[in-house]
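The lines below spell out each chain.
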Amino acid sequence: MKTYIVGNWKLNFTVGEASIYLHKLLKNLPNYRDVEVVVAPSLIALQPLSLQIDRHKMKLAAQNAFYRDYGAFTGEVSFSQLRGIVDYAIIGHSERRYIFREDDKMVAKKVAAAIRNKITPILCIGETESERAFGETADVIRDQLIGGLSEVSDDDLDKVIIAYEPVWAISSVRECKLATPDEISEVVKLIKKALKDTYGANLAEKVPILFGGSVNPSNAGSYLTVPGINGLLIGGASLILGEFTDIMEIAKRVRA
Ligand code: 13P
């Protein structure tokens, strides 16, 4: 399985800034064999950047899209419109769940729409600080995971990536804390068990699991060596070219 290094740029960079960043990134980007480099710029930048990138070296992801392919949905962009422009889509990010009120049903429809349009969904799940404090982590993880996958057929499970992002570890959250490798490992076990119980061991082991939450070059190595972790979803540090490329190099070394 590849190691995924995914940069989530959130609501940052104009189209011009994004293009300059990618120009600099591509200039020195090696053709990693086992590391899949992905960035998720703003929606408005995806189309021009898709013409600029070298898809042998890196891929684009959408940060969101709507689950219907067309129709009277003012302001929305569909996965079918993004087909051919992006290879991945981040779905169910905690910022979408808590700021834009997306629930597991909506997330499940988006995951299905992505797969239908040949886009790999990166389904984000993760508990809040209070859910963890109340001992609800296992239930939240299971509900978001199985709920988010509820419209995916067994045959399509290997087209899905899961990202575990504890909300309390995201750098923009007030008083965020760093997750420890042990805490991540516990949740990876929960994810694997839920997948195995629902889909069987063979299918479950095909699903990559990423970690996200204040990842930077000094902790990336320890997170990438957590058993069962296949990559990282990076917010703040992915906006800084040097930090993002350092993390790719760390991923390459961890693989070697
Ligand atoms: P940070 O890396 O800034 O904590 O963001 C994590 C995240 O939300 C990526 O999707």
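Treat the numbers as computed from the prediction; the structure is a model and nothing was measured. Residue positions are given per chain, counted from 1 along the sequence in the order it is written. Whole-chain, interface and lining totals are the exception, using all residues; otherwise, since this is a predicted model, local features are given only for residues with pLDDT of at least 70 and side-chain atom pairs are given and counted only at 80 or more. Note: side-chain values were computed over all heavy atoms of the structure, leaving out hydrogens and water.

A.B. asks: Account for helix α8 (residues 181-199), with residues named and values stated.
C.D. replies: Only runs of H or I of at least four residues qualify as helices and only runs of E of at least two qualify as strands under DSSP, and these elements are numbered from the N terminus. Expected helix span is given by 1.5 Å per residue-to-residue step, counting one fewer step than there are residues. Its 19 residues give α8 an end-to-end C-alpha distance of 26 Å, which sits within 8% of 27 Å, the value for a rise of 1.5 Å per residue. I184, S185, V187, V188, I191, A194, L195 and Y199 are the residues of α8 that are buried. The cut-offs for exposure are 20% and 50% of the maximum accessible area for each residue type, with area from a 1.4 Å probe on protein chains only; residues under the lower value are buried, those over the upper are exposed, and the others partly exposed.

A.B. asks: Could you give an account of the pattern of salt bridges, with specific residues and numbers?
C.D. replies: Salt bridges are defined by distance alone: a side-chain nitrogen of Lys or Arg within 4 Å of a carboxyl oxygen of Asp or Glu. In total, this model carries 15 salt bridges according to the counting rule given. Note that D104 and R97 form a salt bridge whose closest N and O atoms lie 2.8 Å from each other. Since its relative accessible area comes to 25%, D104 is described here as partly exposed. Owing to a relative accessible area of 8%, R97 belongs among the buried residues under this scheme. Its salt-bridge partner being K110, residue E102 comes within 2.7 Å of it at the nearest N-O pair. The exposure class assigned to E102 is buried, which follows from its relative accessible area of 7%. Classification of K110 by relative accessible area gives buried; the value is 3%.

A.B. asks: Report on the nonpolar core, specifying residues and quantitative values.
C.D. replies: What makes a nonpolar core is a set of buried Ala, Val, Leu, Ile, Met, Phe, Trp, Tyr and Cys residues whose side-chain atoms join them at distances within 4.5 Å. Ranked by internal contacts, the top residues of the largest apolar core, which has 72 residues, are L22, L149, I191 and L232. With seven residues, the top contributor of residues to this core is α8. Leaving out residues up to four positions away in the same chain, L232 has contacts with Y4, I5, V6, L210, F211, V215, A220, Y223, L224 and I247. Formed by 13 residues, the second largest nonpolar core is a distinct cluster that contains V38, A40, C124 and I161. In what follows, residue pairs with any heavy atoms lying within 4.5 Å of each other are defined as contacts.

A.B. asks: Pulling in residues and values, what's your account of the site of the ligand?
C.D. replies: The criterion for a residue being near a molecule or strand is simple. One of its heavy atoms has to lie within 4 Å of it. Of all residues adjacent to the ligand, which total 13 residues, the nearest are K10, H93, S171, S214 and G236. The contact in question runs from an oxygen atom of the ligand to an N or O atom on the side chain of K10, over 2.8 Å. For the ligand, an oxygen atom lies 2.9 Å from a polar atom in the side chain of E165. In isolation the ligand offers 310 Å² of accessible surface; the protein chains occlude 98% of this area. Partitioned by chemical class, the residues of the shell around the ligand number four nonpolar, seven polar and two charged. As used in this structure description, the phrase polar contact means that two N or O atoms lie within 3.5 Å; if the pair is within protein, one of them must be able to donate a hydrogen and the other to accept it, and residues adjacent in sequence are counted only when both atoms belong to side chains. Shrake-Rupley sampling with a 1.4 Å probe provides the accessible areas, and residues are treated as covered by the protein chains on show and by no other component. Charged means Asp, Glu, Lys or Arg here, nonpolar means Ala, Val, Leu, Ile, Met, Phe, Trp, Tyr, Cys or Pro, and polar covers whatever is left, Gly included.

A.B. asks: Quick one: what's the story with the environment of R116, residue by residue and with numbers?
C.D. replies: Residue position: R116 is located in helix α5 (residues 104-116). R116 sits in the partly exposed class, given a relative accessible area of 42%. Note: C-alpha distance between R116 and R83 (33 residues apart in sequence) is 9.7 Å. What R116 contacts, discounting residues up to four positions off in sequence, is Y67, D69 and R83. From its side chain, R116 meets the backbone oxygen of Y67 in a polar contact 3.0 Å long.

A.B. asks: Please provide a residue-by-residue account of the pairing of strand β2 (residues 35-40), values included.
C.D. replies: The element β2 is largely enclosed, with a buried count of six among its six residues. Neither face of β2 is left uncovered, since the one carrying V35, V37 and V39 and the one carrying E36, V38 and A40 both have all their residues buried. Of the pairings in the sheet, the one linking strand β1 (residues 3-8) to β2 comprises six bridges and is parallel in character. Each residue of the ladder has a partner; that of Y4, found in β2, is E36. The rule for pairing is simple: two strands pair if DSSP sees at least two bridges between them.

A.B. asks: I'd like a rundown of the sheet that holds strand β6 (residues 161-164), residues and numbers included.
C.D. replies: Spatially, β1-β2-β3-β4-β5-β6-β7-β8 is the arrangement adopted by the eight strands of the closed barrel, whose pairing is parallel. Each strand of the sheet is rotated relative to its neighbour by a mean of 25°, with strand direction disregarded. As paired elements, strand β3 (residues 58-62) and strand β4 (residues 88-91) share two bridges and run parallel to each other. Bridging from a neighbouring strand, A61 pairs with Y88 of β4. Only the contacting stretch of a helix is used when fitting its axis, a line to C-alpha atoms as for every element, and angles between N-to-C directions run 0 to 180 degrees. Along the sheet, helix α11 (residues 241-255) contacts β1, β2 and β8 (231-234); its crossing angle with β1, the most-contacted strand, is approximately 165°.

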